[in-house]
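# Working through the structure, step by step
Here are the chains, one letter per residue:
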Amino acid sequence: MRHHKISLIAAGAIAAGALALGSAPLSAQGSTVVKTDTPVTVDVPYVKANSRAPSPGDAITACGANRRQQNEPSTAVDARTPSVVVAGSNDYCTVQLAGGTWAGFYRSTNSGTDWVNSLLPGYPTDTSPEGLASPLHQRGIGNAGDPVQAWDLQGRLFYMGNAFNRVAPQNGSVWVATYDQDAANYVRTVIVGKAGPALSGRFNDKTAIEVDRGVNSPHQGSVYTAWSLFQGNGNNSIQFARSTDHGATFSHPAKISTGSKDVQFADIAVTSNGTVYVAYRQFESGRGRQRAAIQYVVSTDGGATFSKGATAAQFEAFDAADSAGDPEAAEEAHDQAFENADGPESEAAEASVGDSRDCGSGPFACKSGFVFFRHASQPRITADPKSASQNVYLVYDAIVPRTERVSQTTYNTADPQGTTLRVGQGGIYFATLTGGGWSTPKLLAPFPRGHQFFPDINADGGVLHTLWHDSRNDPAYSVQYPPGNNGAVRDAAGFAAATRGLDTYAASSTNSGTDWAIARLSGNSQMPNYEMFGDRRVPFHGDYNYVSSVGGFAYNVWTDTRQVAPGDDPRYLGGEGFDVHQCRTQTTAGVWSADTCPNEGGLDQDIYGAATTG
C-alpha cells in the first residue's frame with residue numbers, strides 16, 4: 001500500500017501529528033484536504049426563524065446561553081449555492097423553558113466557517129406566526145428530533161424529523177419543513193405520517209429524506225421520505241411517502257419493507273435517471289429464520305411503486321449490549337429520563353445479548369463496570385445525481401470477521417455462540433451496486449486497532465465522501481472494551497477507567513471507491529461517555545453522523561463532548577472519570593437535591609463539523 005498525502009487549508013490549524021493516516025483497501029491516491037474542525041452549535045444566542053423577535057418566556061431565549069446537549073446531527077450542502085451549508089440536531093436547549101427537546105436548525109453562508117443557530121418553528125413557547133401555524137404546535141406536541149435534510153436544485157431545503165410527546169397523548173408525527181431562498185426563509189411544516197395518542201403501539205421514528213436532483217430524471221424535484229414505523233412485537237416496517245409539489249403535500253404513507261419482519265434505519269438514494277433506492281437494516285430474528293442483512297427496494301416510477309425487498313449484504317452486527325445490575329431499576333430510570341426530556345428510551349439490545357444498550361452509574365450501572373452509550377449497526381446509501389453510471393454506493397458498520405473473541409465480561413458486541421457472549425472489532429464496510437449486482441463488501445479503511453461506527457456516505461460530481469467515528473487512537477483500545485473505557489484499570493467500586501481517544505475520520509474517492517484518501521477530521525480526541533443524561537447518570541451520544549457534498553466539497557458533522565466540563569457526582573462512589581460538573585446538596589435525611597448548576601458546562605455536548613475537499 002502507498003500512503004496518501006493529507007494537507008490543510010490553514011497552516012498550523014491542527015497540531016502536528018493530529019491527522020493520522022489510515023489504511024485503504026487498495027493503493028490510495030489523491031488527497032483529502034481538511035479544514036479545521038469547529039463547533040456548529042455555538043454558545044451564543046439563537047435567532048428565530050424569519051428574523052422574528054422572541055416574546056417573553058420564549059424557550060429560544062435560553063438557547064446558546066444554557067450550554068445544553070445537542071446530538072444526532074444532520075447536514076446538507078446547498079446544491080445551488082455550495083457556500084450555504086445547513087445542519088440540524090436533537091437540541092436540548094429548549095428543555096429549560098419549554099420542558100422538551102426540539103429540532104435545532106443551523107445555517108452557514110461561508111462553507112461552515114461561521115454558524116447562526118436557530119430552531120424549527122412550532123415548539124411549545126413559540127408564539128410567532130410561523131410557530132402558531134405549525135401543525136406540530138397545533139397538535140400540542142412538545143418534542144421534535146431525528147432531523148435529516150436535503151436540497152433541491154432551486155435553493156429549497158426540506159428538513160424532516162419526528163415529533164412526539166413523552167407522556168400521553170403521544171401524538172407521534174413525522175414532519176417535513178420547507179425553507180426557500182437558500183434556507184434563509186422558513187415556509188411551512190407539514191405532517192407526513194401520524195400515530196395515535198397512546199404511549200404503546202404505533203410510533204414513527206428514524207427518518208430519511210432525499211430529493212431527486214438527477215440531471216436526466218423525469219421526476220426531478222420530487223421529495224422522497226422514509227421512516228420506521230414501530231408497531232410492537234417486532235412487526236416494524238419501513239414507510240415511504242413522496243411529494244411532487246415541493247413539499248406542500250405528500251402521498252399517503254405506504255409500507256415498502258416487504259418480506260422482512262424487524263427493520264429499521266432506512267436511507268434513500270436517487271440516481272441521475274431518477275431511479276429511487278431505499279435501503280434498511282433487517283434484524284436477525286428467529287421468526288422465519290431471518291438473518292441480519294442490508295435490504296433494499298427499488299422504484300423506477302418516481303416512488304409510485306417499489307420492487308420487493310432484496311438483499312444487498314449480510315453481516316454480523318456490531319451492537320453494544322450488557323446486563324444491568326438491577327434490571328427493574330434500570331428500566332424505571334430509563335423511562336423517567338425519557339419522560340423528563342433527559343435522554344432517549346433505551347430498550348434492550350436488538351441483536352447482542354443483555355437487557356441494556358447503555359450503561360452508567362446508580363440504576364444505570366451494568367455488571368461489567370463499563371460506562372458506554374448505545375450504538376447499533378446501520379446502513380447508508382447514496383448515488384451521484386450527475387453521473388451516467390447509475391451506481392449506488394453503500395456503507396455500514398459490522399463486526400470484522402475473525403476478530404471475534406469470548407467476552408471477558410457481560411459486555412458484548414458480536415453474535416453469541418450458544419450461551420457464550422462474544423465481542424468483536426467494529427469496521428466500516430463499502431459496497432457498490434452496478435448493472436452486475438452488488439459487489440462483495442470490503443472494509444473501507446482497515447486498521448488493526450479501534451472500533452469504527454456511525455458511518456455516512458454521499459456522492460456528487462464524481463466524488464464519494466464518507467465519515468465515521470473511530471477509536472483507533474484510544475490508548476486503552478481493546479476488542480473487549482467499549483470506546484472510552486480501560487477495563488484493565490478499575491476503581492474501588494469496580495468501574496473501568498475513562499479514556500479519551502474517540503475521533504471522527506473521513507475519506508474521499510474519485511474512482512468510485514476503488515481507492516480512498518483517508519483523514520482524521522477531529523483536531524482533538526473526545527471521551528464520549530460523559531454521564532449527561534438520566535439525571536447525570538448515563539451517556540448518550542446520538543445514533544449517527546452525517547456528510548453532505550457538492551462535487552469535491554463536503555461538510556461533515558458529528559456529536560462531540562470536548563467542551564463538556566468534567567466533575568464528580570457526590571451521590572455515587574466510583575466512575576469519577578465519566579462524571580460531569582454538577583451542584584447538589586444533601587438533606588439530613590440523606591436525599592440529594594437536583595443539579596442546581598446545569599448551565600455551567602456539565603451538559604455542553606455539541607455538534608462539531610469540518611469541511612473537506614477531495
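Presented here is a report on the structure given in the accompanying data block. Computed from a predicted structure; not experimentally measured. (Residues numbered from 1 in each chain as written. Predicted model: local features only at pLDDT ≥ 70, side-chain atom pairs only at ≥ 80, totals over all residues. Heavy atoms only, no water.)

The next point concerns the overall build of the protein. Scanning the protein from terminus to terminus reveals 4 helices and 36 strands. For 614 residues, the compact-globule estimate of 2.2 N^0.38 gives 25 Å, and the protein sits close to it at 22 Å. By its C-alpha atoms, the protein is 70 × 60 × 55 Å across when sized along the principal axes. Relative to its full complement of 614 residues, the protein shows a buried share of 63%. In the protein, once contacts between residues fewer than 6 apart in sequence are set aside, the share between residues at least 24 apart is 64%. Carbon and sulfur atoms make up 50% of the accessible area of the protein, which totals about 20800 Å². Charged side chains of the protein number 44 positive and 59 negative; the gap between the two group centres comes to 6 Å. (Helix = DSSP H or I, 4+ residues; strand = E, 2+ residues; numbered from the N terminus. Rg over C-alpha atoms; globule rule 2.2 N^0.38 Å. Buried < 20%, exposed > 50% of the residue type's maximum accessible area, 1.4 Å probe, protein only. Contact = heavy atoms within 4.5 Å. Areas by Shrake-Rupley, 256 points an atom, 1.4 Å probe, with all protein chains shown as cover. Lys, Arg positive; Asp, Glu negative; His and termini not counted. Charge placed at Lys NZ, Arg CZ, Asp CG, Glu CD.)

Moving on, we get to the packing of aromatic side chains. Counted by the stated rule, this structure contains 26 aromatic pairs. Ring plane angle 45° and centroid distance 5.9 Å describe the contact between Phe373 and Phe453, whose orientation is recorded as tilted. On the criterion of sequence distance, the pair formed by Phe373 in the loop between helix H4 (327-339) and strand S20 (379-383) and Phe453 in strand S28 (residues 452-460) is long-range, its members being 80 residues apart. Under the relative-accessibility criterion, Phe373 is labelled buried at 2%. With a centroid separation of 5.7 Å and an interplanar angle of 85°, the aromatic rings of Phe533 and Phe540 are classed as edge-to-face. Across the pair, exposure class does not vary: Phe533 and Phe540 are buried alike. By way of ring pairs, the aromatic residues Phe105, Tyr159, Trp175, Tyr179 and Tyr186 are connected into one cluster. Over the ring of Phe447 we find Arg472; its NZ or CZ atom is 4.0 Å from the centre of that ring. Taking NZ or CZ as reference, Arg490 lies 5.0 Å from the ring centre of Phe370, over its face. (Phe/Tyr/Trp six-rings, centres within 6.5 Å; stacked < 30°, edge-to-face > 60°. Lys NZ or Arg CZ within 6 Å of the ring centre and 35° of its normal.)

Take unusual backbone geometry next. With an omega of -5°, the peptide bond between Ala168 and Pro169 qualifies as cis. You can see Pro169 is positioned in the loop between strand S9 (157-164) and strand S10 (173-180). You will see that Gln390, though not glycine, has its phi angle at about 65°, which is positive. Residue position: Gln390 is located in the loop between S20 and strand S21 (392-399). Overall, the relative accessible area of 24% leaves Gln390 in the partly exposed class. With phi around 65°, Arg536 is a residue other than glycine that occupies positive phi space.

Let us now look at the pattern of salt bridges. Following the criterion strictly, the structure yields 22 salt bridges and no others. Across the pair Arg472 and Asp470 runs a salt bridge whose closest N-O atoms are separated by 3.0 Å. The exposure class assigned to Asp470 is buried, which follows from its relative accessible area of 0%. (Salt bridge = Lys/Arg side-chain N within 4 Å of Asp/Glu carboxyl O.)

Right, let's talk about the state of the cysteines for a bit. Here is the idea: a disulfide is a covalent bond, and it sits between the sulfur atoms of two cysteines. Counted according to the given criterion, the structure contains 3 disulfides. Disulfide pairing is shown between Cys63 and Cys93; the S-S distance is 2.0 Å. Here the disulfide of Cys63 and Cys93 is right-handed, its torsion about the S-S bond being about 75°. In this pair, Cys63 is assigned in the loop between strand S3 (38-39) and strand S4 (70-77) and Cys93 in the loop between strand S5 (85-91) and helix H1 (95-98), connecting sequence segments 30 residues apart. Comparing Cys63 with Cys93, the two get one shared label, buried. Each sulfur of the disulfide joining Cys583 and Cys597 lies 2.1 Å from the other. Across the disulfide from Cys583 to Cys597, rotation about the S-S bond amounts to roughly 90°, and the bridge is consequently right-handed. With Cys583 in the loop between strand S35 (553-560) and strand S36 (606-613) and Cys597 in the loop between S35 and S36, this pair connects stretches of sequence that are 14 residues apart. Judged by its relative accessible area of 23%, Cys583 is partly exposed. (Disulfide = S-S within 2.5 Å.)

Another aspect to go through is the side chain of Lys48. Along the chain, the position of Lys48 falls in the loop between S3 and S4. Taking the relative accessible area as the measure of exposure, Lys48 reaches 8% and is therefore buried. In terms of polar contacts, Lys48 uses its side chain to reach the side chain of Asp58, at 2.9 Å. Residues contacting Lys48, with those up to four places away along its chain left out, are Ala53, Pro54, Asp58, Ile60, Ser118, Tyr123, Asp126 and Ser128. (Polar contact = N/O pair within 3.5 Å; in protein donor to acceptor, adjacent residues only side chain to side chain.)

This part is about the sheet that holds S4. Strand order in the open sheet formed by 4 strands is S4-S5-S6-S7, and the pairing between neighbours is antiparallel. Pairing within the sheet leaves two strands with one partner each, and these edge strands are S4 and strand S7 (116-119). Averaged over all pairs of adjacent strands, the angle between their axes in this sheet comes to 25°, without regard to strand direction. With 4 bridges connecting them, strand S6 (residues 102-108) and S7 associate as antiparallel partners. Its bridge partner lying in S7, Tyr106 is registered against Asn117. (Pairing = 2+ DSSP bridges. Axes fitted to C-alpha atoms, helices over the stretch in contact; angles between N-to-C directions.)

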